[in-house]
Amino acid sequence: MQEIEFYCRKCKKSMKMTYSLCGEDSAPAMRGIMIRCHTRKCTRVVTLRNFTEGQIKTRTDALGKCYL
């Protein structure tokens, strides 16, 4: 099982949240979850509404980092 870490696309810092893949690309992933960047300078909030695991996999790089 693979874990994906979420990072802020704006400041490139960790959002201190991981997601474990279940293996099904069409499965909804974290519907309605709000993730906030934890740095003082960046005030970005991301809401995952209609994300699937396939969309998260396409945004993930080889190191398991997903920039939202």
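Here goes a summary of the coordinates provided.

Points about unusual backbone geometry
With phi around 65°, Lys12 is a residue other than glycine that occupies positive phi space. With respect to the secondary-structure elements, Lys12 resides in the loop between β1 (3-7) and β2 (14-20). Phi at Met30 is positive, roughly 50°, even though this residue is not glycine. Along the chain, Met30 turns up in the loop between β2 and β3 (33-36).

Comments concerning the pairing of β2
In this structure, β1 lies alongside β2, joined through 4 bridges in antiparallel fashion. Looking at β2, one finds that Tyr7 is bridged to Ser14. Connecting β1 to the antiparallel partner β2 that follows it, the hairpin turn spans 6 residues, and Lys12 within it adopts a positive phi of roughly 65°.

Some points on the state of the cysteines
Inspection of every chain in the model, using the stated rule, returns 0 disulfides. Its sulfur unpaired, Cys37 is 3.5 Å from the next cysteine sulfur, which belongs to Cys11.

Concerning the sheet that holds β2
Backbone-to-backbone hydrogen bonds join strands into a sheet, with any given pair of strands oriented parallel or antiparallel. Taken together, the 3 strands give an open sheet; going across it, the order is β2-β1-β5, and neighbouring strands pair in mixed fashion. Unpaired on one side and paired on the other, β2 and β5 (65-67) mark the two borders of the sheet. The mean inter-strand angle of the sheet, taken between neighbouring strand axes irrespective of direction, is 30°. As paired elements, β1 and β5 share 3 bridges and run parallel to each other. Within the sheet, the bridge partner assigned to Glu5 lies in β5 and is Lys65.

Here's the deal with the packing of aromatic side chains
Scanning the entire structure with this criterion turns up 1 aromatic pair. Pairing Tyr7 with Tyr67 gives two aromatic rings, centres 5.7 Å apart and planes at 45°, and the pair type is tilted. Taken together, the residues span a long stretch of sequence, with Tyr7 in strand β1 and Tyr67 in strand β5 at a distance of 60 residues. Using a relative accessible area of 27% as the deciding quantity, one classes Tyr67 as partly exposed. The ring of Tyr67 carries Lys12 above its face, with NZ or CZ at 5.2 Å from the centroid. One cation-aromatic arrangement involves Lys65 over Tyr7; the distance from NZ or CZ to the ring centre is 5.0 Å.

Basis of the calculations
Residues numbered from 1 in each chain as written. Predicted model: local features only at pLDDT ≥ 70, side-chain atom pairs only at ≥ 80, totals over all residues. Heavy atoms only, no water. Helix = DSSP H or I, 4+ residues; strand = E, 2+ residues; numbered from the N terminus. Pairing = 2+ DSSP bridges. Disulfide = S-S within 2.5 Å. Axes fitted to C-alpha atoms, helices over the stretch in contact; angles between N-to-C directions. Phe/Tyr/Trp six-rings, centres within 6.5 Å; stacked < 30°, edge-to-face > 60°. Buried < 20%, exposed > 50% of the residue type's maximum accessible area, 1.4 Å probe, protein only. Lys NZ or Arg CZ within 6 Å of the ring centre and 35° of its normal.

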